[in-house]
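# Commentary on secondary and tertiary structure
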Amino acid sequence: MQIKVVENYEEMSRAAADLFAEIISANNDCVLGLATGDTPIGLYNCMIDDYKAGKIDFAKVKSVNLDEYYPIAPDNDQSYRYFMNKYLFDSVNIDKKNTYVPDGQAKDTDAFCAGYEKLINSLGGIDIQVLGIGRNGHIGFNEPGAELHPYTHLTSLTDSTIEANSRFFASEADVPKHALTMGIRSIFKARKIVVLASGEGKAEAVKAMLSGNISTSCPASLLCLHSDVILICDKAAYSLV
Ligand code: GLP
């Protein structure tokens, strides 16, 4: 894993956006793997700046998102579909028909998950995937546990994730208890993975990810096994390494 430690959130976001710009400029119908949470918002702002400056064009770009709460409606302002529209898609010339976020209202979740894997394959795989890290080391919604799932699946959120994500909801009770998420193997299909971490709150997770122990108790630690991963983090997130 390549590691780049920068001063702060702004520098992290710019460095990540430069990697995205490189991929999009080299191949204007590339496939982006996108994530939600506070961490990638700065990256998306930089991508919007690059688009407005004429540096990148999203007309033919396709995107696939990592995860979505379940159940949730796409127009719920806490859904990841709503998030993506708000923080990126509405501000660039991407065709929303080319943007895929797991369906938080899927009736048959098994069929939906199998279809999502087929979709990723039919797009030719993901060229560049951005990942944040949960405080407990989760990636997407692949939570720590005795086992991890390889492919897209329905999962239960841990208490710690429900608590961490409750800041966005009216109360903890309102946070959905389940989610649809790409699995570890789906994430590993990406040709390049960019992991972002900012702030002291992520220092323990970054330390565990880089400890050298590869364990399902820290799903992010598995990323050390992928051949093209870069961690871009600020000094605060790197402070315990
Ligand atoms: C959520 C998402 C993850 C994200 C994580 C960290 O649970 N499913 O994809 O990486 O939270 O979020 P944040 O960036 O807000 O710390």
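Up top you'll find the structure we're talking about.
Below is a short write-up of the structure. (Residues numbered from 1 in each chain as written. Predicted model: local features only at pLDDT ≥ 70, side-chain atom pairs only at ≥ 80, totals over all residues. Heavy atoms only, no water.)

## Considerations on the packing of aromatic side chains
For the coordinates displayed, the defined rule picks out seven aromatic pairs. An angle of 45° between the planes, with centres 5.6 Å apart, marks the rings of Y69 and F141 as tilted. With Y69 in strand β4 (residues 67-70) and F141 in the loop between β6 (128-131) and β7 (153-156), this pair connects stretches of sequence that are 72 residues apart. Its relative accessible area of 1% is what places Y69 among the buried residues. With a relative accessible area of 1%, F141 lands in the buried category. Relative to Y87, the ring of F83 lies with its centre 4.6 Å away and its plane at 50°, an arrangement referred to as tilted. Here F83 pairs with Y87, and both are found in helix α3 (residues 80-87), just four residues apart, close to one helical turn. Members of the aromatic cluster, connected to one another through ring pairs, are Y69, Y80, F141 and F169. (Phe/Tyr/Trp six-rings, centres within 6.5 Å; stacked < 30°, edge-to-face > 60°. Helix = DSSP H or I, 4+ residues; strand = E, 2+ residues; numbered from the N terminus. Buried < 20%, exposed > 50% of the residue type's maximum accessible area, 1.4 Å probe, protein only.)

## Observations regarding the pattern of salt bridges
All chains considered together, the criterion is met by ten salt bridges. For E7, the salt bridge identified is with K235, shortest N-O distance 2.6 Å. Here K235 lies in the segment after β10 (229-234) and E7 lies in the loop between β1 (2-6) and α1 (9-26), a separation of 228 residues in the sequence. Assessed through its relative accessible area of 44%, E7 is described here as partly exposed. According to the relative accessible area criterion, K235 is partly exposed, its value standing at 47%. K189 is paired through a salt bridge with E117; the nearest N and O atoms lie 2.6 Å apart. Taken together, the residues K189 in the loop between α6 (184-188) and β9 (192-197) and E117 in helix α4 (residues 109-122) connect sequence positions 72 residues apart. Exposure class is identical for K189 and E117. Each is buried. One network of salt bridges, with partners in common, ties together R14, D18, D50 and K55. (Salt bridge = Lys/Arg side-chain N within 4 Å of Asp/Glu carboxyl O.)

## Side note on the site of the ligand
Surveying the vicinity of the ligand reveals 14 residues, the closest of which are D38, T39, D67, R167 and K202. With respect to the ligand, the side chain of K202 contributes an N or O atom lying 2.6 Å from an oxygen atom. The class makeup of the residues in the shell around the ligand is three nonpolar, seven polar and four charged. (Near = heavy atom within 4 Å. Polar contact = N/O pair within 3.5 Å; in protein donor to acceptor, adjacent residues only side chain to side chain. Nonpolar A, V, L, I, M, F, W, Y, C, P; charged D, E, K, R; others polar.)

## Comments concerning the layout of surface pockets
Within this model, the largest pocket holds a volume of roughly 700 Å³. Along its surface, the largest pocket is lined by 37 residues, and T36, G37, D38, R167 and F168 are the ones closest to its centre. Elements with a minimum of two residues in the lining of the largest pocket: β4, α3 and α5 (159-165). At five residues, α3 tops the list of elements feeding residues into the lining of the largest pocket. For the lining of the largest pocket, a count of residues per class yields 15 nonpolar, 15 polar and seven charged. (1 Å grid on protein atoms, 1.4 Å probe; cavity = no way out; pocket = protein on both sides within 12 Å on 5 of 7 lines; lining within 4 Å. Points joined across faces, edges and corners; volume = space filled by probe spheres on them.)

## Concerning α1
Given a rise of 1.5 Å per residue, 18 residues ought to cover 26 Å, and the 26 Å separating the end C-alpha atoms of α1 matches this to within 8%. Considered for burial, the residues of α1 that qualify are M12, S13, A15, A16, A17, L19, F20, A21 and I24. Against β1, β2 (31-34), α2 (41-52), β6, β9 and β10 lie the buried residues of α1. Here α1 starts with a cap whose side-chain oxygen sits 3.3 Å from the backbone nitrogen of E10, and that cap is N8. (Expected span 1.5 Å × (residues − 1). Contact = heavy atoms within 4.5 Å.)

## What to know about the packing of α1 against α2
Closest axis-to-axis distance for the α1/α2 pair is 8 Å, and the angle between their directions is 50°. Put simply, α1 runs oblique to α2. As for the relative orientation of α1 and α2, their crossing is right-handed in sense. Mapping the contact onto sequence places Y9, S13, R14, A16, A17, F20, A21 and I24 in α1 and I41, G42, L43, C46, M47 and D50 in α2. When its residues are assigned to classes, the contact of α1 with α2 shows ten nonpolar, two polar and two charged. (Axes fitted to C-alpha atoms, helices over the stretch in contact; angles between N-to-C directions. Parallel < 35°, antiparallel > 145°, perpendicular 65-115°, else oblique. Left-handed = near helix turned anticlockwise from the far one by under 90°.)

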